[in-house]
Amino acid sequence: MPRRSERLLLDHATPGAQREILVHRYGTPGARPKAYFQASLHADEVPAMLAAQHLLRRLDEAEAHGAIRGEIVVVPYANPLGLAQFVNSEHMGRYELGGGGNFNRHWPDLFAPVAETVAAALGDSEAENVAAIRAAMGKYLDGCAARDALDSLRLTLARLAFDADLVFDMHCDAAALIYMFLIPDHWPLAADIAADLGCRAVLLAADSGGASFDEAFSTPWTRLAAKYPEHPIPAACLAATLELRGQADVTDALAAQDAGALFRGLQRHGVITGDPGPLPEALCDATGLDACETLRAPSYGIVTYAVALGDHLRKGDLVARLTDPAGDPAAAPRQVRAGTDGLVLSLRNRMWLQPGETLARIAGREPLVERQAGKLLDD
Ligand SMILES: [Zn+2]
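### Some remarks on the pattern of salt bridges
Evaluation of the coordinates by the stated rule reveals 20 salt bridges. Linking R105 and D379 is a salt bridge whose minimum nitrogen-to-oxygen distance equals 4.0 Å. Taken together, the residues R105 in the loop between β8 (101-102) and α3 (111-115) and D379 in the segment after β22 (358-363) connect sequence positions 274 residues apart. For D341, the salt bridge goes to R314, with nearest N and O atoms at 3.4 Å. Taken together, the residues span a long stretch of sequence, with D341 in the loop between β19 (334-337) and β20 (342-347) and R314 in the loop between β17 (312-313) and β18 (318-323) at a distance of 27 residues. Overall, the relative accessible area of 55% leaves R314 in the exposed class.

Listed below in structure tokens is the structure:
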């Protein structure tokens, strides 16, 4: 069945400014496994949209060869609201300028609405439980009405993704190595995807506290399994946030490389037929998100780095200096040092920082005390 492309209109458009989601579908509806991809939910994270275009080319070829076994849904730009947000010539794609906050937070909770309604349908068959839970989630989402345009965006994407076996939410960081987020239940199931992408970190958290897109679909299963231990309920939705390096890492070579890795991942997970070839050696093991240190600017200042991406640091190593332009030029700039041993995973690409802004991420191995409580994701 050839690719079907469809435009889904968002509700609550401002007059004269109708927004829409473009969705491409491959394979027979309902065929398994189902894979869902979306690009640039944070609309200023452009590498993801380019990778999606390269992936679509690969999928068109696979379709022409009759190689699509499951179902594949690709949303090549997930955030038409954010794509249009420019302020004084600068693109503002991370937060909804109408006051809706971070586009990758506050996704619908699918656990609470189905936890009670699905109880009577659960039994001893894992496959039947999965089907019953997906049906309950679908019924709940069908009954939701969007309160505003942002809510409509969330509902539209959630209805496309909720019943997938594999969900890939493609983002990037400011300036970064390639890495991904998962819940622990999907490690090492996703180890092949991480290895083929060449991930330098895989950050695991059972609940990062931000209600991000990926966790909206992966965590309901683990929560239902905990609530109903007498029924077999698998972690049926492997959902990953992929951080495709930094905002400026936009080249066709990188996008083609990432799309190739994802395509081979679909082959390894049975969505597409064909031989993916040998798996490259993994560049990292998975580590806890609570072991990933977020260093923050202690004050306003001009950041200059003493490290580069990929550097291995020891606790106490100098990471950055923060120069106060109003300060005594003879005084030493403030120093920011690593609080853990680890890998320099991401840095900033804007060098004038406010107090509290993230300045660097260091992927360590030891859980950090300050990361044990509260939210593990930046806003
Ligand atoms: Zn993002």
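### Some details on the layout of surface pockets
What the largest pocket holds in volume is close to 1100 Å³. Residue lining of the largest pocket: 49 residues in total, with E45, R94, Y95, R361 and D379 positioned closest to the centre. Those elements that place two or more of their residues in the lining of the largest pocket are β6 (90-91), β9 (166-173), β11 (179-182), α7 (213-227), β13 (238-246), β15 (292-296), β20 and β22. It is β22 that provides the largest number of residues to the lining of the largest pocket, a total of 4 residues. Along the lines of polarity and charge, the residues of the lining of the largest pocket split into 18 nonpolar, 14 polar and 17 charged. Taken as a whole, the second largest pocket holds about 230 Å³ of empty space.

### Considerations on the sheet that holds strand β16 (residues 301-305)
The antiparallel open sheet is built from 4 strands, whose spatial order is β19-β18-β16-β21. Every other strand in the sheet has two partners, leaving β19 and β21 (352-353) as the edge strands with one partner each. Where β16 and β21 come together, 2 bridges link them in antiparallel fashion. Residue pairing across strands places G301 opposite L353, the latter belonging to β21.

### Thoughts on the pairing of β20
Most of β20 is tucked away, with 6 of its 6 residues classed as buried. As paired elements, strand β10 (residues 175-176) and β20 share 2 bridges and run antiparallel to each other. Among the inter-strand pairings, A176 is bridged to a residue of β20, identified as S346. Note: β17 against β20, 2 bridges, orientation antiparallel. Residue pairing in the sheet places L313 in a bridge with G342 of β20. One ladder, built from 4 bridges, connects β20 with β22; its direction is antiparallel. Among the inter-strand pairings, L347 is bridged to a residue of β22, identified as A360.

### Things to note about the coordination of the zinc ion
Of the protein atoms, only H42 (ND1), E45 (OE), E45 (OE) and H171 (ND1) coordinate the zinc ion, at distances of 2.0 to 2.6 Å. Coordination at the zinc ion comes from 4 donor atoms whose angles at the metal span 55 to 144°, giving a geometry best classed as irregular. Sequence positions of the donors to the zinc ion reduce to the motif H-x2-E-x125-H. Separated by 126 residues along the polypeptide, E45 in the loop between β3 (34-39) and α1 (47-64) and H171 in strand β9 bring together distant segments of the chain.

### Quick word on the nonpolar core
Taken as a class, soluble globular proteins show a tendency for nonpolar side chains to be buried jointly. Counting 46 residues, the largest nonpolar core has Y36, L157, F213 and F217 as its most contacted members. Elements supplying a minimum of two residues to this core: β2 (20-26), β4 (71-75), α3, α4 (126-143), α5 (149-161) and α7. Take this core: its biggest share by element is 8 residues, from α5. Setting aside chain neighbours within four positions, we find F213 in contact with Y36, Q38, L41, N104, W107, L157, A161, V167 and D169. Of all hydrophobic cores here, the second largest spans 45 residues; its members include A39, A190, A240 and L244.

### Considerations on the sheet that holds β4
Strands sit in the order β1-β2-β4-β3-β9-β13-β11-β12-β14 across an open sheet of 9 strands; the sheet is mixed. Either end of the sheet is taken by a strand with one partner, and the two such strands are β1 (4-9) and β14 (286-288). In this sheet, neighbouring strand axes are inclined to one another by 25° on average, regardless of whether the strands run parallel or antiparallel. As defined by bridge partners, β11 adjoins β13 across 3 bridges and the pair is classed as antiparallel.

Criteria and thresholds
- Residues numbered from 1 in each chain as written.
- Predicted model: local features only at pLDDT ≥ 70, side-chain atom pairs only at ≥ 80, totals over all residues.
- Heavy atoms only, no water.
- Salt bridge = Lys/Arg side-chain N within 4 Å of Asp/Glu carboxyl O.
- Helix = DSSP H or I, 4+ residues; strand = E, 2+ residues; numbered from the N terminus.
- Buried < 20%, exposed > 50% of the residue type's maximum accessible area, 1.4 Å probe, protein only.
- 1 Å grid on protein atoms, 1.4 Å probe; cavity = no way out; pocket = protein on both sides within 12 Å on 5 of 7 lines; lining within 4 Å.
- Points joined across faces, edges and corners; volume = space filled by probe spheres on them.
- Nonpolar A, V, L, I, M, F, W, Y, C, P; charged D, E, K, R; others polar.
- Pairing = 2+ DSSP bridges.
- Donors = N, O, S within 2.8 Å, 3.2 Å for Na, K, Ca; no water.
- Tetrahedral: all angles 85-135°; square planar, octahedral: opposite > 155°, others 65-115°.
- Core = buried A, V, L, I, M, F, W, Y, C linked by side-chain atoms within 4.5 Å.
- Contact = heavy atoms within 4.5 Å.
- Axes fitted to C-alpha atoms, helices over the stretch in contact; angles between N-to-C directions.

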